[in-house]
Amino acid sequence: MIAILGAGKMGEALLSGVLRAGRGPGELRATARRAERAALLRERYGVETVSNREAATTADVLVLAVKPQDMAALLDEVGSHVPAGTLVISMAAGITTGYVEERLGEGVPVVRVMSNTPVHVDEAMSVISPGSHAGEDHLKLAEELLSPVGKVLRIPESLQDGATALSGSGPAYFYYLVEAMVDAGILLGMPRAAALEMVIQSAVGAAIMLRDSGEHPVLLREAVTSPGGTTIAAIRELERHGVRSAVLEAIEAARNRGRELAAG
Ligand SMILES: NC(=O)C1=CN([C@@H]2O[C@H](COP(=O)(O)OP(=O)(O)OC[C@H]3O[C@@H](n4cnc5c(N)ncnc54)[C@H](O)[C@@H]3O)[C@@H](O)[C@H]2O)C=CC1
Ligand SMILES: O=C(O)[C@@H]1CCC=N1
């Protein structure tokens, strides 16, 4: 049985993905802080909602999906009740496997995951790392749970905060760019709906070409950039305003913030 502790945005998305992948609601449990939230999860997915303690003592796989700031309290509540054979999967930004392990009984295996919101459409990027008691079987189990909702990649835990900054937060950067491009359309006198449609379809087309063409992004951009044409006029402005450097610094800042989160 898989229990999701703190089924908020990410926990619910994973829950619905696991159900879409063919598991029955009887194989899942969820916990929530508020009674209305628990009722909504029961109604929407047909899963049983239980207390954190009950989930911790009965699950084979325990998914911790609370905010990093709530992790200490959750682990204080359930840590000593998790049997040694349970796989604990932590989805929180910044929280290390060591942090989770030291709040559980000796030898409980922990896998750290950084996923992202496209889990809603089975296009997540999930990056996993084993803690000190997790072996190949535990990683395989985590992969089995996450692969129906997107891609899964194994990385060393030292790169997890970087992955959080790059792919965990990644969708937000693309949405931000879309927002800015739609504003540019408004500036040029486009109706908002038309601007939004043009930008979203360009984003979808570009994303599918990036994924499916096998071409490097530089070559794809060069193919759009005609000599003396319109695209290079735009690229010159992006370079003049230091957008590439801003992206590097922004993602580094996100990585650094991830490092701070476990400290509370
Ligand atoms: N939102 C995102 O794009 C991503 C979030 N994450 C990580 O996923 C985790 C969850 O994030 P969201 O789903 O966005 O947050 P959220 O706030 O939507 O969900 C967390 C849920 O946990 C519940 N909760 C807190 N303490 C609890 C407790 N002791 N018992 C039961 N329920 C409890 C809250 O009421 C809330 O519903 C975070 O650790 C975050 O770092 C990871 C990747 C992407
Ligand atoms: O902003 C955050 O802290 C979370 C982690 C990755 C995406 N959202």
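Just so it is clear, the model here is predicted, and its values are computed rather than measured.

Quick notes on the rules
Residues numbered from 1 in each chain as written. Chains lettered and ligands numbered in written order. Predicted model: local features only at pLDDT ≥ 70, side-chain atom pairs only at ≥ 80, totals over all residues. Helix = DSSP H or I, 4+ residues; strand = E, 2+ residues; numbered from the N terminus. Buried ≥ 20, exposed ≤ 12 C-beta atoms within 10 Å, placed from the backbone. Contact = placed C-beta atoms within 7 Å. Pairing = 2+ DSSP bridges. UniProt positions renumbered as here; feature names shortened; annotations may be inferred. Near = placed C-beta within 6 Å. Nonpolar A, V, L, I, M, F, W, Y, C, P; charged D, E, K, R; others polar. Domains from an automatic or database assignment.

> Please clarify how the overall build of the chain should be interpreted in this entry.
Along its length, the chain carries 12 helices and eight strands. Principal-axis analysis of the C-alpha atoms places the extent of the chain at approximately 65 × 40 × 35 Å. For the chain, with 264 residues in total, the buried portion stands at 33%. Here the contacts in the chain between residues at least 6 apart in sequence split such that 65% fall between residues at least 24 apart.

> How should I be thinking about the pairing of strand β6 (residues 110-114) in this particular structure?
Walk down a regular strand and you will see the side chains alternate between the two sheet faces. Taking burial as the measure, the five residues of β6 include five buried ones, the bulk of the element. Here β6 shows a buried face lined by Val 110, Arg 112 and Met 114 and a second buried face lined by Val 111 and Val 113. Looking at chain direction, strand β5 (residues 87-90) and β6 are connected through three bridges and run parallel. Of the residues in β6, the one forming a bridge with Ile 89 is Val 111.

> Is there a simple way to explain the UniProt feature "binding site: NADP(+)" (unreviewed entry) in the chain in this structure?
Following the UniProt record, the feature "binding site: NADP(+)" (unreviewed entry) maps to Leu 5, Gly 6, Ala 7, Gly 8, Lys 9, Met 10, Ala 65, Val 66, Lys 67 and Pro 68 here. The named residues occupy 64 residues along the chain; their greatest pairwise C-alpha distance, 13.8 Å, places them in one compact cluster. Position of Leu 5 among the secondary structure elements: in strand β1 (residues 2-5). Setting aside anything within four residues of it in sequence, one finds Leu 5 in contact with Thr 31, Asn 52, Ala 55, Leu 62, Val 63, Leu 64, Ala 65, Val 66 and Leu 74. Overall, the presence of 26 C-beta atoms within 10 Å leaves Ala 65 in the buried class. When neighbours within four sequence positions are excluded, Ala 65 is seen to be in contact with Ile 4, Leu 5, Gly 6, Ala 7, Gly 8, Met 10, Gly 11, Leu 14 and Met 91.

> How do you make sense of the site of ligand 2 when you look at a structure like this?
In the region of ligand 2, the neighbouring residues are Ala 93, Thr 164, Gly 168 and Ser 169. Among the residues forming the shell around ligand 2, the class breakdown is one nonpolar, three polar and no charged.

> Is there a simple way to think about the domain arrangement of the chain in this case?
By a widely used convention, the size of an interface equals the accessible area lost when the partners come together. The domain boundaries assigned to the chain delineate domain 1 (2-160) and domain 2 (170-261). Between the C-alpha centres of domain 1 and domain 2 the distance comes to 33 Å. Among the residues forming the side of domain 1 that touches domain 2, the class breakdown is four nonpolar, three polar and no charged.

> Teacher, can you tell me more about the site of ligand 1 here?
In the vicinity of ligand 1, 26 residues are found, and the nearest of them are Gly 6, Gly 8, Met 10, Ala 92 and Ala 93. Counting only elements with at least two residues in the shell around ligand 1, the list comes to α1 (9-20) and α4 (68-78). With four residues, the top contributor of residues to the shell around ligand 1 is α4. In terms of residue class, the shell around ligand 1 is built from 12 nonpolar, nine polar and five charged.

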